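One letter stands for each residue in the lines below.
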Amino acid sequence: YSKIKKNKEILNYASLAISVISSVFCKKKVTDFNTDNWDDFIKFCAEHKILNIVAFGLINSDVELPEKIKRIFNESILRSMMIEAQRSTEIELLCDDFEANKIPHIVLKGFVIKNLYPQPYLRSMGDVDILVGNELQKATEIMLNHGYSFDSEEFLHGSFSKGKGLHVELHKSLIDESL
């Protein structure tokens, strides 16, 4: 019984979150929202890395939010804005340096897609992917000069980090050509 109840709660949280996210992209205010357990709903959103966009949608809605929830949402959004600003500045500096050193590159995936969101900080991401092709060694030197530490090398990419939250993957290729 408890597993069925838990699954029902998760489906309810997912449905609520989808409704809010849809309202954000459709530029409509949420008018009908109800949860019996804000803490579990916030936990659900955080686990699925959608807390920022759900917070944005509910803050800009007609839904009455408890003060504690407003505070959690505002803190999450402010933290995301700060991370996004730092990440964007870092990637811009790296790309400028790649350009100056004639390293062909293209920033991929989430870092580009974030610009399709109503606000770029609403798109959470774990890392930034940059395709550098055959210039991985030269690009690695630039990463190290920018204060990144080398974390690991996989078959098609090298992973780097800087500080607590900035992770970059430099890709040699988008596909495994040996297949």
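Residues numbered from 1 in each chain as written. Predicted model: local features only at pLDDT ≥ 70, side-chain atom pairs only at ≥ 80, totals over all residues. Heavy atoms only, no water.

## A look at the pattern of salt bridges
Under the definition given, this model contains eight salt bridges. In this structure, Asp 40 and Lys 43 form a salt bridge, with 3.9 Å as the shortest nitrogen-oxygen distance. Of the two residues, Asp 40 and Lys 43 are both situated in helix H2 (residues 38-47); the distance of three residues between them amounts to about one turn of the helix. For Asp 40, a relative accessible area of 22% gives the class partly exposed. Lys 109 serves as the salt-bridge partner of Asp 129, at 3.5 Å between the closest nitrogen and oxygen. You can see Asp 129 sitting in strand E2 (residues 128-131) and its partner Lys 109 sitting in the loop between strand E1 (106-108) and helix H5 (110-113), a full 20 residues away along the chain. (Salt bridge = Lys/Arg side-chain N within 4 Å of Asp/Glu carboxyl O. Helix = DSSP H or I, 4+ residues; strand = E, 2+ residues; numbered from the N terminus. Buried < 20%, exposed > 50% of the residue type's maximum accessible area, 1.4 Å probe, protein only.)

## Description of the pairing of strand E3 (residues 149-153)
Strand direction decides the pairing type here: E3 and strand E4 (residues 157-162), joined by four bridges, are antiparallel. When the sheet's bridge partners are listed, Ser 149 is paired in E4 with Ser 161. Between E3 and E4, which follow one another and run antiparallel, lie three residues. (Pairing = 2+ DSSP bridges.)

## A look at the pairing of strand E5 (residues 166-171)
Counting buried residues in E5 gives five out of six residues, a clear majority hidden from the surface. Relative to E5, E2 runs parallel, the two being bridged by four bridges. Within E5, the residue paired with Val 128 across the bridge is Val 168. Pairing between E4 and E5: six bridges, direction antiparallel. Looking at the pairing, Phe 160 lines up with Val 168 of E5. Here E4 folds back onto E5, and the loop between the two strands holds three residues, one of which, Gly 163, carries a positive phi near 65°.

## Some details on the packing of H2 against helix H3 (residues 51-59)
For the pair H2 and H3, interaxial distance at closest approach is 8 Å and the crossing angle is 130°. The orientation of H2 relative to H3 falls into the category oblique. In this structure, H2 contributes Trp 38, Phe 41, Ile 42, Cys 45 and Ala 46 to the contact, and H3 contributes Leu 51, Val 54 and Leu 58. (Axes fitted to C-alpha atoms, helices over the stretch in contact; angles between N-to-C directions. Parallel < 35°, antiparallel > 145°, perpendicular 65-115°, else oblique. Contact = heavy atoms within 4.5 Å.)

## Comments concerning H3
Residue pairs three or four apart in sequence face the same way in an α-helix, which turns once every 3.6 residues. With eight of nine residues buried, H3 lies mostly within the body of the structure. Within H3, burial applies to Leu 51, Asn 52, Ile 53, Val 54, Ala 55, Phe 56, Gly 57 and Leu 58.

## Observations regarding unusual backbone geometry
Even without being a glycine, Lys 27 presents a positive backbone phi close to 55°. Note on placement: Lys 27 falls in the loop between helix H1 (2-25) and H2. Of note in this structure, Lys 109 is not a glycine but carries a positive phi near 55°. Given the relative accessible area of 53%, Lys 109 is considered exposed.

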